[in-house]
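# Fold and contact review
Residue strings, one per chain:
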Amino acid sequence: QVQLVESGGGLVQPGGSLRLSCAASGSFASINAMGWYRQAPGKQRDLVAVITSGGTPNYADSVKGRFTISRDNAKNTVYLQMNSLKPEDTAVYYCSADAVTTRYLKVWGQGTLVTVSS
């Protein structure tokens, strides 16, 4: 029905940058908020950033000033630009989308691994 496909994860050195992408496809009337979450080993999944359909972003304190969330509504795609990466940013990153079909549905991507290490 609705799926999210993520890309852009990988291995980077501390201080480096990565850009994550997440594209929504399938059957839906619209997508409202989209966001990025991350889960480090042994920890819970936490919100990293969220962006409204109008483009208003919010960030977790741990990534403010370093990460930028954006979206292209025409492409149903959300991005996460990650700069000045730290080892503690290492996690599996999941994108999410609040999709409207015949119901409200929160959809999750498959996850993409980001490893920050020298």
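Higher on the page you've got the structure.
Let us look at the structure shown here. (Residues numbered from 1 in each chain as written. Predicted model: local features only at pLDDT ≥ 70, side-chain atom pairs only at ≥ 80, totals over all residues. Heavy atoms only, no water.)

## Quick notes on the overall build of the protein
The number of helices and strands found in the protein is zero helices and eleven strands. Radius of gyration (C-alpha) of the protein: 14 Å, near the 13 Å computed for a compact globule of 118 residues. If you take every contact in the protein between residues at least 6 apart in sequence, the share linking residues at least 24 apart comes to 55%. Per element, the accessible surface of the protein, about 6200 Å² overall, is 48% carbon and sulfur. The average position of the 11 basic charges and that of the 7 acidic charges among the side chains of the protein differ by 2 Å. (Helix = DSSP H or I, 4+ residues; strand = E, 2+ residues; numbered from the N terminus. Rg over C-alpha atoms; globule rule 2.2 N^0.38 Å. Contact = heavy atoms within 4.5 Å. Areas by Shrake-Rupley, 256 points an atom, 1.4 Å probe, with all protein chains shown as cover. Lys, Arg positive; Asp, Glu negative; His and termini not counted. Charge placed at Lys NZ, Arg CZ, Asp CG, Glu CD.)

## Here's the deal with the pattern of salt bridges
On inspection of all chains with the given rule, the structure shows four salt bridges. Between Lys64 and Asp61 there is a salt bridge, with its nearest N and O atoms 3.1 Å apart. Between Asp98 and Lys106 there is a salt bridge, with the nearest N and O atoms lying 3.1 Å from each other. Given a relative accessible area of 9%, Asp98 falls into the buried group. Salt bridges sharing common partners tie together Arg38, Arg66 and Asp89. (Salt bridge = Lys/Arg side-chain N within 4 Å of Asp/Glu carboxyl O. Buried < 20%, exposed > 50% of the residue type's maximum accessible area, 1.4 Å probe, protein only.)

## Here we look at the sheet that holds strand β8 (residues 77–82)
The strand order across the open sheet formed by four strands is β1-β3-β8-β7, and the pairing between neighbours is antiparallel. A strand with exactly one partner marks an edge of an open sheet, and here the two such strands are β1 (2–7) and β7 (67–72). Going across the sheet, the axis of each strand differs from the next one's by a mean of 15°, ignoring polarity. Summarising the sheet, strand β3 (residues 18–26) and β8 pair through six bridges and their orientation is antiparallel. For Leu20, the partnering residue across the bridge sits in β8 and is Leu80. (Pairing = 2+ DSSP bridges. Axes fitted to C-alpha atoms, helices over the stretch in contact; angles between N-to-C directions.)

## What about the pairing of β3?
Bridge count for β1 against β3 is six bridges, and the pairing is antiparallel. For Ser7, the partnering residue across the bridge sits in β3 and is Ser21.

## A word on the pairing of strand β5 (residues 46–51)
Successive residues of a regular strand alternate their side chains across the two faces of the sheet. Here strand β4 (residues 30–39) runs beside β5; their pairing, made up of five bridges, is antiparallel. The residue of β5 that forms the bridge with Gly35 is Val50. If you look at the hairpin formed by β4 and β5, you'll find six residues sitting between the two strands, and Gly42 has a positive phi there, around 75°. Here β5 runs beside strand β6 (residues 57–59); their pairing, made up of three bridges, is antiparallel. When the bridges of β6 are listed, Val50 appears paired with Asn58. In sequence, β5 turns back onto β6 through a hairpin of five residues, with Gly55 there showing a positive phi of about 95°.

## Some thoughts on the state of the cysteines
Covalently bonding the sulfur atom of one cysteine to the sulfur atom of another cysteine gives a disulfide. Under the defined criterion, the tally for this structure stands at one disulfide. Two residues, Cys22 and Cys95, share a disulfide whose sulfurs are 1.9 Å apart. Because the torsion about its S-S bond is 50°, the bridge between Cys22 and Cys95 counts as right-handed. You can see Cys22 sitting in strand β3 and its partner Cys95 sitting in strand β9 (residues 91–100), a full 73 residues away along the chain. (Disulfide = S-S within 2.5 Å.)

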